[in-house]
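# Structure assessment
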Amino acid sequence: MPAQDHIVFIVDDDRRIGEALSELLSSFDMHAVTFGSAAEYMAYPKPDVAACLVLDVELPDINGLDLQSQIAQGNHPQIVFITGHGDIPSSVRAIKAGAIDFLTKPFKEADLMRAIHAAIAQDRDARRKRAELTELRQRLSSLTPREREVLPLVVSGLLNKQAAAELGISEITIQVHRGQIMQKMGAGSLAELVRMAGMLEIPMTYSRRAQR
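What follows deals with the pattern of salt bridges. In a structure, side chains of opposite charge can pair up when their charged atoms sit close to one another. Counted according to the given criterion, the structure contains 15 salt bridges. In this structure, Arg127 engages Asp123 in a salt bridge whose closest nitrogen and oxygen atoms are separated by 3.1 Å. Here Arg127 pairs with Asp123, and both are found in helix α5 (residues 109–141), just four residues apart, close to one helical turn. For Asp125, the salt bridge identified is with Lys129, shortest N-O distance 3.3 Å. With Asp125 and Lys129 both in helix α5 and four residues apart, this pair spans about one turn of that helix. Classification of Asp125 by relative accessible area gives partly exposed; the value is 32%. Residues participating in the shared-partner salt-bridge network are Asp125, Arg128, Lys129, Glu132 and Arg195.

Laid out in structure tokens, this is it:
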């Protein structure tokens, strides 16, 4: 995993642990940045690369679990918790909120590295999906108002004549709109267009069965 395409944030108020983890990651050719508090981490400008947040539960300014809740709505990296005072309620809360793992100090090096790799892989996948969704939204914005009316009918499986009847226009006009939609959305097939519509959460409220 090349250092330039990822970063591991380590938030632990014990400087020795931060340094030890940073050295460990360096031995695996991984790039890490350490922080002594949640505030330092939040203030740090985040590079646009896949990331993982190794987060201590007990911090001087905020509980790590509370920080997890605060950043849950943003595009923050996947979290691997580490703690010297683990308990079942805390671990359950962390995992239910989406943490990759909840490790109690002292933890095994292999367990930590496995969790970090999993976190970075998930973050990279999430970034790819966000980028794809942004691109799809831009393509959707290029459709005319009428094409936006035709799109849900097409992805719902209506035949051209059924979609034409639904909108009160000719079948030839539907064919033209359908071709324009496929071209503008960059869809090579109806199945691909349906997948795109699903990502864009376009409602599919029509079906051939309902039209019979």
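Now for the packing of helix α6 (residues 145–155) against helix α8 (residues 171–185). It is the contact of α6 with α8, at a shortest axis distance of 9 Å, that shows an interaxial angle of 90°. Taken together, α6 and α8 sit at an angle that is classed as roughly perpendicular. In this structure, α6 uses Arg146, Glu147, Val150, Leu151 and Val154 to contact α8, whose residues at the interface are Ile174, His177, Arg178, Gln180, Ile181 and Lys184. Here the residues of the contact of α6 with α8 are counted per class, giving five nonpolar, two polar and four charged.

Calculation rules
- Residues numbered from 1 in each chain as written.
- Predicted model: local features only at pLDDT ≥ 70, side-chain atom pairs only at ≥ 80, totals over all residues.
- Heavy atoms only, no water.
- Salt bridge = Lys/Arg side-chain N within 4 Å of Asp/Glu carboxyl O.
- Helix = DSSP H or I, 4+ residues; strand = E, 2+ residues; numbered from the N terminus.
- Buried < 20%, exposed > 50% of the residue type's maximum accessible area, 1.4 Å probe, protein only.
- Axes fitted to C-alpha atoms, helices over the stretch in contact; angles between N-to-C directions.
- Parallel < 35°, antiparallel > 145°, perpendicular 65-115°, else oblique.
- Contact = heavy atoms within 4.5 Å.
- Nonpolar A, V, L, I, M, F, W, Y, C, P; charged D, E, K, R; others polar.

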